[in-house]
Amino acid sequence: MGRILTLLNKELTVELRRKHTLAGIFLFVAIIVYILYKSFNRMVGMEWNVMIWIVLLFAGINAIAKSFTQESNDTKIYYYNLVSPSEYIIAKLIYNFIYLLIIFCVVYMGFSFFMGNPVKEFSLFAKAAVLGVFGIATVMTLISAVSGESEGGGALLMSILALPLTIPIILLLIKIGASALHLIQDSSVGQDLWMLGGIDLLLLGLTFILFNEVWKN
């Protein structure tokens with residue numbers, strides 16, 4: 001646990017040193033939300049529900065794409081001799097999850113400020129958001145790790161692989177969000193939450209299995 005916390009502290013320290021990157025992500029989110037506001041003036045119902053998750057998805061790709069590719073081979077060798085693959089990937093997952101959750105909060109506040117907040121059941125929406133953000137962060141972390149081992153084209157590989165893997169998560173988030181906005185009456189929304197949690201666990205297990213192979217390379 002101590003090594004995981006040390007790795008988390010390292011990630012935070014490096015991120016704070018690259019303030020331009022952090023500011024660029026939030027500027028990207030702010031510009032997208034403002035463009036949507038000027039285009040639609042006011043989004044309600046399903047449009048609001050769909051667009052908030054799409055904005056989060058593309059903001060997540062931009063935020064986590066360089067999670068592994070920004071580190072040199074010498075740094076990776078140093079980590080290889082210092083920590084286990086499980087400790088390293090857990091630290092990355094926790095950091096990326098918190099990072100993406102903060103981005104979601106910014107997106108949510110931006111949508112609420114410019115286009116109103118149509119959410120009727122906030123607790124249901126919040127549960128779906130946490131599970132969805134964790135799933136998206138897990139997918140992005142895994143693909144970023146694989147992209148970090150490719151010879152160039154890492155960003156392209158990130159986009160190609162990440163988007164299809166997040167489709168089930170986004171579709172479930174839209175369905176649960178529609179229930180939270182009272183756009184549909186869905187008696188199986190509890191099962192949808194469990195399904196979303198099951199997808200998260202499946203992705204988490206897949207990440208641990210595949211990252212061990214990436215770590216050996």
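Since this is a predicted model, take the numbers as computed values, not measurements.

Draft legend 1. Expanded view of the confidence of the model for the chain. On average, residues of the chain score 82 in pLDDT, and 88% of them are at 70 or above. Mean pLDDT values over the elements of the chain span from 68, in helix H4 (residues 73–82), up to 89, in helix H6 (residues 122–147).

Draft legend 2. Expanded view of the packing of helix H2 (residues 19–40) against helix H3 (residues 46–64). Remark: H2 packs on H3, axes separated minimally by 10 Å, with the N-to-C direction vectors making an angle of 155°. Relative to H3, H2 is oriented roughly antiparallel. The handedness of the crossing between H2 and H3 comes out as right-handed. Where H2 abuts H3, its residues Ile-25, Phe-28, Val-29, Ile-32 and Leu-36 lie against Met-51, Val-55, Phe-58, Ala-59, Asn-62 and Ala-63. The class makeup of the residues in the contact of H2 with H3 is 10 nonpolar, one polar and no charged.

Draft legend 3. Quick look at the nonpolar core. If you look at the biggest cluster of nonpolar residues, it comprises 62 residues, and the most contacted ones within it are Trp-48, Trp-53, Ile-103, Phe-111 and Phe-125. Contributions of two or more residues to this core are made by helix H1 (2–17), H2, H3, helix H5 (85–115), H6, helix H7 (154–180) and helix H8 (189–216). Filtering out sequence-adjacent residues up to four positions away, Ile-103 remains in contact with Ile-25, Phe-26, Val-29, Leu-56, Ala-59 and Ala-63.

Conventions we followed
- Residues numbered from 1 in each chain as written.
- Predicted model: local features only at pLDDT ≥ 70, side-chain atom pairs only at ≥ 80, totals over all residues.
- Heavy atoms only, no water.
- pLDDT = per-residue confidence, 0-100.
- Helix = DSSP H or I, 4+ residues; strand = E, 2+ residues; numbered from the N terminus.
- Axes fitted to C-alpha atoms, helices over the stretch in contact; angles between N-to-C directions.
- Parallel < 35°, antiparallel > 145°, perpendicular 65-115°, else oblique.
- Left-handed = near helix turned anticlockwise from the far one by under 90°.
- Contact = heavy atoms within 4.5 Å.
- Nonpolar A, V, L, I, M, F, W, Y, C, P; charged D, E, K, R; others polar.
- Core = buried A, V, L, I, M, F, W, Y, C linked by side-chain atoms within 4.5 Å.
- Buried < 20%, exposed > 50% of the residue type's maximum accessible area, 1.4 Å probe, protein only.

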